[in-house]
Each structure stands twice: as C-alpha cells, then as structure tokens.
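Notes for the structure review
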Amino acid sequence: MTQTDLQQPLRNIAIIAHVDHGKTTLVDAMFKQSGVFREGQQMDDRIMDRMDLERERGITIAAKNCAIVWQGVKINIIDTPGHADFGGEVERALSMADGALLLVDASEGPLPQTRFVLKKTLEAGLKVIVVINKIDRKDARPPAVLDAVYDLFIDLEANETQLDFPYLYAIGRDGVAMAAPDAPARGLELLFEKIIAEIPPPACNPEAPFQMLVSDLGYSDYLGRLAIGKVVSGVIRRRDSLICLGEDGAPQPLKISRLQVYEGLVLKDVTEVPAGDIVVLAGIENVKIGDTICTGENHRPLKRLRVDEPTVSMRFSANTSPFAGQEGSIVQASKIRERLFKETLRNVALQLEDTDERDTFLVKGRGEFQMAILIETMRREGFELAAGRPEVIYKYKDGRKMEPIEHLLVDCDDRFLGVVTEKLAIRKGQMTNLVNHGTGRVRIEFSVPSRSLIGYRDEFLTDTRGTGILNSYFSGYELFRGEFPSRFTGSIVSDRKGKAVAYALFNLEPRGQIFIVPGCPVYEGMIVGEHNRDSDINVNPCKEKKLSNMRAAGKDDNVILSPVKPMTLERAIHFIRRDELVEVTPHSIRLRKAVLTAQQRYQQRGAQFKQENGA
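Rules used in this analysis
- Residues numbered from 1 in each chain as written.
- Predicted model: local features only at pLDDT ≥ 70, side-chain atom pairs only at ≥ 80, totals over all residues.
- Heavy atoms only, no water.
- Buried < 20%, exposed > 50% of the residue type's maximum accessible area, 1.4 Å probe, protein only.
- Helix = DSSP H or I, 4+ residues; strand = E, 2+ residues; numbered from the N terminus.
- Pairing = 2+ DSSP bridges.
- Right-handed = clockwise from strand over helix to strand, strands pointing away.
- Phe/Tyr/Trp six-rings, centres within 6.5 Å; stacked < 30°, edge-to-face > 60°.
- Lys NZ or Arg CZ within 6 Å of the ring centre and 35° of its normal.
- Contact = heavy atoms within 4.5 Å.
- Core = buried A, V, L, I, M, F, W, Y, C linked by side-chain atoms within 4.5 Å.
- Polar contact = N/O pair within 3.5 Å; in protein donor to acceptor, adjacent residues only side chain to side chain.

As for the pairing of strand 5 (residues 127-133)
Across the seven residues that make up strand 5, a large majority, six, are buried. The sheet contact formed by strand 4 (residues 99-105) and strand 5 spans seven bridges and is parallel. Within strand 5, the position partnered with G99 by the bridge is K127. Handedness of the β-α-β unit built from strand 4, helix 4 (residues 112-123) and strand 5 comes out right-handed. Two strands pair when backbone bridges link them, and strand 5 and strand 6 (residues 167-171) are joined in this way by three bridges, in the parallel orientation.

A few points about unusual backbone geometry
Phi angles above zero are rare outside glycine, and Q71 is one such case at about 50°. Mapped onto the elements, Q71 comes out in the loop between strand 2 (64-70) and strand 3 (73-79). Residue classification places Q71 among the exposed residues on the basis of a relative accessible area of 63%. If you check the backbone angles, D398 has positive phi at about 55° while not being a glycine. In this fold, D398 is placed in the loop between strand 24 (395-397) and strand 25 (400-413). Owing to a relative accessible area of 69%, D398 belongs among the exposed residues under this scheme.

Observations regarding the packing of aromatic side chains
Given two aromatic rings, one states the distance between the centres and the angle between the planes to describe the pair. A complete count under the given rule lists ten aromatic pairs for this structure. Here the aromatic rings of Y456 and F460 are separated by 6.0 Å at their centres, their planes lie at 50°, and the arrangement is tilted. Residue Y456 and its partner F460 are both found in helix 12 (residues 456-463); the two are separated by four residues, about one turn of the helix. With respect to class, Y456 is no different from F460; both count as buried. Seen from their ring centres, F515 and F575 are 5.2 Å apart, and the 85° between their planes marks the pair as edge-to-face. Of this pair, F515 sits in the loop between strand 31 (512-514) and strand 32 (521-522) while F575 sits in helix 14 (residues 569-575), placing them 60 residues apart in sequence. Per residue, the accessibility class of F515 equals that of F575, and both read buried. Taken together, the ring pairs connect Y150, F153, F165, Y167 and Y169 into an aromatic cluster. It is K395 that lies over the ring of Y477; its NZ or CZ is 4.6 Å from the centre. The ring of Y394 has K401 lying over it, and the distance from NZ or CZ to the ring centre is 4.2 Å.

Things to note about the environment of L254
With respect to the element layout, L254 can be found in strand 13 (residues 251-254). Classification of L254 by relative accessible area gives buried; the value is 14%. As for L254 and G296, which are separated by 42 residues in sequence, their C-alpha atoms are 9.7 Å apart. When near neighbours in sequence (up to four residues on either side) are disregarded, L254 contacts L242, I243, C244, I284, E285, V287 and I293.

Here's the deal with the environment of D79
Within the secondary structure, D79 is located in strand 3. Counting along the chain gives 13 residues from D79 to C66, while the straight-line C-alpha distance between them is 8.2 Å.

Regarding the nonpolar core
Ranked by internal contacts, the top residues of the largest apolar core, which has 42 residues, are L102, L118, V130, I132 and F153. Counting residues per element, this core draws most heavily on helix 5 (residues 142-155), which supplies five residues. If we skip the residues at most four places from it in the chain, L118 touches I16, L102, V128, L152, F153 and L156. Counting 30 residues, the second-largest nonpolar core is a separate cluster that includes I336, V363, L374 and I527.

Digging into the side chain of R451
Its location among the elements puts R451 in helix 11 (residues 450-453). Separated by 2.6 Å, the side chain of R451 and the backbone oxygen of G482 make a polar contact. Residues contacting R451, with those up to four places away along its chain left out, are V392, Y394, E403, F480, R481, G482, E483 and F484.

Shown next as structure tokens:
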C-alpha cells in the first residue's frame, strides 16, 4: 500500500526511552511547534503525564496516545513508559506503531531500560530514529553515547536495515533538534522531517474487510468502555455491524455507539476511519486487550498480543486490623477483587488468582514497583487493604529450581564501590563488568536474582548517601543460587492498643529505629519500629511516666525524640518479612504482623519448630 491510498498521509510512532531521559518534555515541544495550541494559549508542562502519580514522580506509568499534523501528515504519537515494571504498556504501545523514536541521554547513555524498550522495538521489526537528547548538559558526551547506541543495537542482534538508523541531536526542554551537536538549531523541523521521511506509512490494505487489534482499553463516564487500536485493514464506519473474536475464537456481535480518532490530546468524533489510523470505539462491553474486532463476514483473528510472563507475586487481602473501616470507604474483599480484576483487563502484564483463603488474592506482575503503583492508585480511590511481601515466581525445569535473574547496572561514587559490591555479593550477585571513566564515579554491572533487589533499593541509597543510581531489567531464568538473609534486623511490635507516648518511645530508641510519633494510635501486633537485633521484640509504646508529689533532680527533664522518617509505601513493602503485612488506607500506611496476638505468634513458632525437627 502507498501513502496516497490513505485519505490523509499517516505515521504511527512510539516514543521510547529510559526513565527521565526527556521523553515527555520532547512531546510537549512537538505539541507547541505543530500548532496544536493556538498562539498565547496557556499550557502545562509534561501534558502527557495526566495521572497524579505520573506528575508527582516524574515518570510515565501508562502508555497514552495523541496526534499532531505536520505539513498535511497526521502523526499518531504513542507515549510509552520507560520502566521495565510497566513492560506490558510498552508492548501494547508498540503493537499500534510503525516506527519508534528512541531517546538517549547525552551524558548517561543507554541504560537498562533503554535496552529493554529497544529490544521490544527491534523484535517488533520497527524502524528506529535515535535522538541523543540533553546535549546542553555540562557532562554531555554525544560521540561516545552514539557509539554506545551502535554497540547496543549490535548486542541486540539488529539486522542491517535496523543498524543503519538515522540519528539527531536535541535539547527537548528548548524544543530544538539538529543534525550535529554544533549545528544551528531551528526548532523541531528536522525531527518532523525525519519522521515523515524515515518512518514508513502503515502497511495495510484498505480494500480488505475491516480488522483491528485491541491494544488498549479506556473508560468514559458518558460513553462507557473504550476499545483502542490500529485499523489493520479496511475502513470502519459508524453503522457497521461488527464482531469480536476473543481468546477462544468465538464470535460475539458488537454494537458501536461512537467512532473517535485522536486530534491533539483530545478525541474527535468521526463517521469513518481509514486503514492505518488509530481508532477509539465507544460503547463496547466485554472486550479484552488482544481481541480482534472485525466485520461479520471476516472471522480471521489477528495474532494475539502477548507479553512476557510475570516474575513477582504479591498477596492482597481485606484489612483485618482493629482500625479496619475507620479511614477507607471501600473495605470489602469482594470490592478489592473486583478492582484488581478490572486492572488485569487494562494491564495485560498483570494476572489475578484466587487463593485458599476467601479474602486473599494473588496478583502477579513484573516487579514490586508496579505493585506499589497499583496499591497507591487504589488507596487514592478510597480502598483499604493489606498487602504482603513481594515474592519472586520460581519455575522448575527437569526437576531443578529456576529463579528470575536481573541484569543490574549501578552508577555510584568510586568510594562506595566496596560496600555496594559486598552487599550484592551477600545477595548472590555476580559482577559482570566494571567501568571507571576517571570522573570519580564508576559504573558496575551485576547479574543478580530478582529477589535480591526486593528491599535492597532503600539500603543502596543509604549506603551511597543518596547519590547512587540503580537500574535493572529482567534477563531470564537461571538455576536457583541459594538462600540468603533478606533482613538482618527484627521488628519492634506493640503489645497493646492505645496511643503512643513520648516517654515510652524515648526509652525504646536504644532498641532500634522508631517508625511512629507520640499520639499515633497503635494496636497489638502493629510494628512500631525496627529492632537492632535479628529477633522481634514486644513492647509497650503507650507506657507513661509514673508521677508522684516528690521532687527530685532530673525528674522534670524534657524528652527529645529523634526525628522519624515518614513511612512511604515502597519503604513499607521493602521492609516487611513473610509473616508481616502492610496495612494501607487512604490516610495511613502501617506495618503489622500477619498474626496480631503475641500468644498466637508464639504458638505458631512452636508448631513450626516441631514440624521442622520432626517432633
């Protein structure tokens, strides 16, 4: 098919990059210079980051679509996440694209997530344009980064056509692109011209019966469920009678209430959509990502969208603490399951399974960060729940235990090299490469089990005084490397219900790090601190100072407590052990034992000891 076969020339392009390499900022500039906004119109920064969590964290979590027009050519842009935990979003986005724009930081160069998203792009056979961004940085090294990008393409076994990629240099924040680092800047014209010249138009047949692959799902309060995907062949009209082919291949009749396409950031109603364009079908129910929507006479399903298998699982359950129902508006286990099931419909990388316990559900995904984002989203919606520690998913091959392995890249000051290497060696990590550019920082590569990184990221930031950078991506399954201690400290557990008192917390400080402040409500089984030793300790955080009518030296001293670091969701998930839970409500994050009463925990330990020793 040629470009003239379409009603309007089209390009579908995905923008891929590592986290914080300037992808969303560059899209802002493309919007401004393509005429989407009128002259003088007020416009926020990072307009593609529509979720509150995306704006707060400065990362892209969900893949999103938009469209611009440049010199009569419509360019559909799919903004993809740069984090491997959201890999399912990347694969969905690439299924709608015919080419990709790869952004690489001019100083940091290709990082693990760059490798991850590029690998998926090359596997999909898409044409790639490389943009070396942020060349205005003081530590920018464009020639070296370009060489590193070539090495990455070769390492990922790109074919000769993919290796001959066009490249540009850019400053996304200023909205300029140039052919060479020292070339004069003239906006993003060169980038638009490269996209139109290098990215092929959609390869589709407008004369064939209509077909589209559902790559994304949305929801509108006015229109209901939205099915989003690229028209692979044919033309769709509003009144067409369509069918949906699910995983079982059985046809289900569909009725469409509205046809929409992207125009800038908004959706525009149309009467028909040509082959190659990205369409939004409104009012369709019972459609899943990967389904094929086609005409009644064409029962041929397209290749179903598949993603990598999940590597991490986490247990979600209803909140059973004494404070349950006090802060959240949605507390029922059935509502939690319903919300998790809806998430699996929108995110193909997540799987939901029921467990033997009626109020507990197992969610499988790509990483603990993906789980933390899901929990944070739910608590903002009013949910109250409990979550267990993330656990890796093992496989068995020929009777041997296999575990997921991560390729880990560490960037830190050379003075921290020893402590980082020592900690990762304890966690069964193996160093594979070490690069020292003589700038005072080193770049180290490790092969580590995925379970090693659960709980290590916070420890890493402490060890490197907050200056280290840690990135990883899933590299495959290998033989189980053996057990290692996940935490060398125990928990300080409250033995009663009440309110924490400054006097009691002051006297507990020598025992470890305290998590709560005076006046904080506590209950039996709630974790109030981290014990210095590897055993748990039950304490009374509500104990008050005994008062008498006798005066004595030192009796009236003020109690000065050490500052308490606020408990974040990620820190809580990383801290807990297998017998502990994170209690999450819209207003609080608490740590607790799975079994609340000390007597029951004691009996449980005794029974476990007898079982292990055959008594």
